[in-house]
Amino acid sequence: MTPSKRIMKLDLVAGTYKPADRQFQDITSVKITDLASLFSESFAGTVDDEQETLEEWCEEIRAFSLNKYGPFINDASFVVTHDDMPIAAITCSLFKNVPLITYIVTHPNFQRQSLGKELLNKLIASLKSLQYTTVYLVASNNNLPAISLYESMGFQSFDYNWDAVLNNSPLNLKTQ
Ligand SMILES: CC(C)(COP(=O)(O)OP(=O)(O)OC[C@H]1O[C@@H](n2cnc3c(N)ncnc32)[C@H](O)[C@@H]1OP(=O)(O)O)[C@@H](O)C(=O)NCCC(=O)NCCS
């Protein structure tokens, strides 16, 4: 059976990443319910839509911020707001000792305006300043918008096998 997901990895040392000249806010500065609406509306109708209720999204957001996927990296998790409402977000946890992007979402009304790219650049710059040398994510093979975005940023794809990917990855440790 073909695996439905892939691991993607970006080497942070090789490239230069300049965050856009815009306001990125701490993810904890917005209400969980507003974030839940953003996640719900962004995933609706996509290949990763699991028909979560708003309450389920609230639970998921609380859970990852309370270390469900490993220690939550608040310094590499951001939102962009418009009229005081979150319109795009990126979240990151330290999973198996490496930074893992757990979510990236842009509200459908604001997609294809480079917000996803700008959030990734901001996250990358923050992780670099924290001395991390790689960042990972897991993508559904059918999520073409997401995979196009990641590939445009230089992420490389690997089979969904964490042991194989991490064991071949001497650069994945913090340099200090
Ligand atoms: C994936 C997602 C975050 C992209 O956000 P975005 O803000 O629209 O992305 P950007 O505008 O920064 O796109 C940058 C590049 O990514 C690629 N891309 C983004 N959306 C695309 C789409 N629908 N189709 C093809 N390529 C796409 C393009 O190369 C694009 O550059 P271009 O607009 O100059 O052609 C957004 O589509 C989304 O929220 N999807 C639902 C949630 C999701 O699946 N998240 C990923 C898993 S957690």
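Everything discussed here concerns the structure shown above.
Keep in mind that this is a model prediction, so the values were computed, not measured. Here the residue numbering is sequential within each chain, running from 1 through the sequence in written order. Selection of residues for local features in this predicted model requires a pLDDT of at least 70, selection of side-chain atom pairs for listing and counting requires 80 or more, and totals for whole chains, interfaces and linings are taken over all residues.

(A) Structural view of the site of the ligand. Near the ligand you find 22 residues, and of these T106, Q111, G116, P145 and L149 are the closest. Comment: elements are numbered from the N terminus, with helices defined as DSSP H or I runs of at least four residues and strands as E runs of at least two. Elements supplying a minimum of two residues to the shell around the ligand: α1 (32-43), β5 (98-106), α3 (115-129) and α4 (144-152). The biggest single contributor to the shell around the ligand is α4, with 6 residues. In the shell around the ligand, the residues fall into 9 nonpolar, 10 polar and 3 charged. Placing a C-beta atom from the backbone of each residue, we mark the residue near a molecule or strand if the atom is within 6 Å of it. Any residue that is not Ala, Val, Leu, Ile, Met, Phe, Trp, Tyr, Cys, Pro, Asp, Glu, Lys or Arg is counted as polar, Gly included; the first ten are nonpolar and the last four charged.

(B) Quick peek at the environment of I101. Mapped onto the fold, I101 is located in strand β5. Here the alpha-carbon distance between I101 and N121, two residues 20 residues apart in the chain, equals 12 Å. Two residues form a contact once the distance between their C-beta atoms, set from the backbone, is within 7 Å. Residues contacting I101, with those up to four places away along its chain left out, are I90, C92, L123, V135 and L137.

(C) Expanded view of the nonpolar core. Any nonpolar core is a set of buried residues, restricted to Ala, Val, Leu, Ile, Met, Phe, Trp, Tyr and Cys, that join up through C-beta atoms within 7 Å. Whether a residue is buried, exposed or partly exposed is read from the other C-beta atoms within 10 Å of its own C-beta, which are placed from the backbone; 20 or more gives buried, 12 or fewer gives exposed, and intermediate counts give partly exposed. Formed by 40 residues in total, the largest nonpolar core has its most connected members in F78, A88, A89, I90, I101, L119 and L123. Of all the elements in the fold, those that place two or more residues in this core are β1 (5-11), α1, β3 (78-82), β4 (85-95), β5, α3 and β6 (134-140). Those residues in contact with F78 that lie beyond four places of it in its chain are F24, Q25, I27, A89, I90, L119, K122 and L123.

(D) Fine view of the packing of α1 against helix α2 (residues 54-65). Geometry is summarised by axes, namely lines fitted to C-alpha atoms with helices restricted to the contacting stretch, and by angles between N-to-C directions that run from 0 to 180 degrees. Direction vectors running N to C along α1 and α2 enclose 110°, while the axes themselves pass 8 Å from each other. When the axis of α1 is compared with that of α2, the two are roughly perpendicular. For α1 against α2, the interelement crossing comes out right-handed. Contacts between α1 and α2 involve I32, T33, L35, A36, S37, F39 and S40 from the former and L54, W57, C58, I61 and R62 from the latter. Residues of the contact of α1 with α2, tallied by class, amount to 8 nonpolar, 3 polar and 1 charged. Throughout this description, any angle smaller than 35 degrees is read as roughly parallel, any larger than 145 degrees as roughly antiparallel, any in the 65 to 115 degree range as roughly perpendicular, and the remainder as oblique. Left-handed describes a crossing in which the near helix is turned anticlockwise from the far one by less than a right angle; the clockwise case is right-handed.

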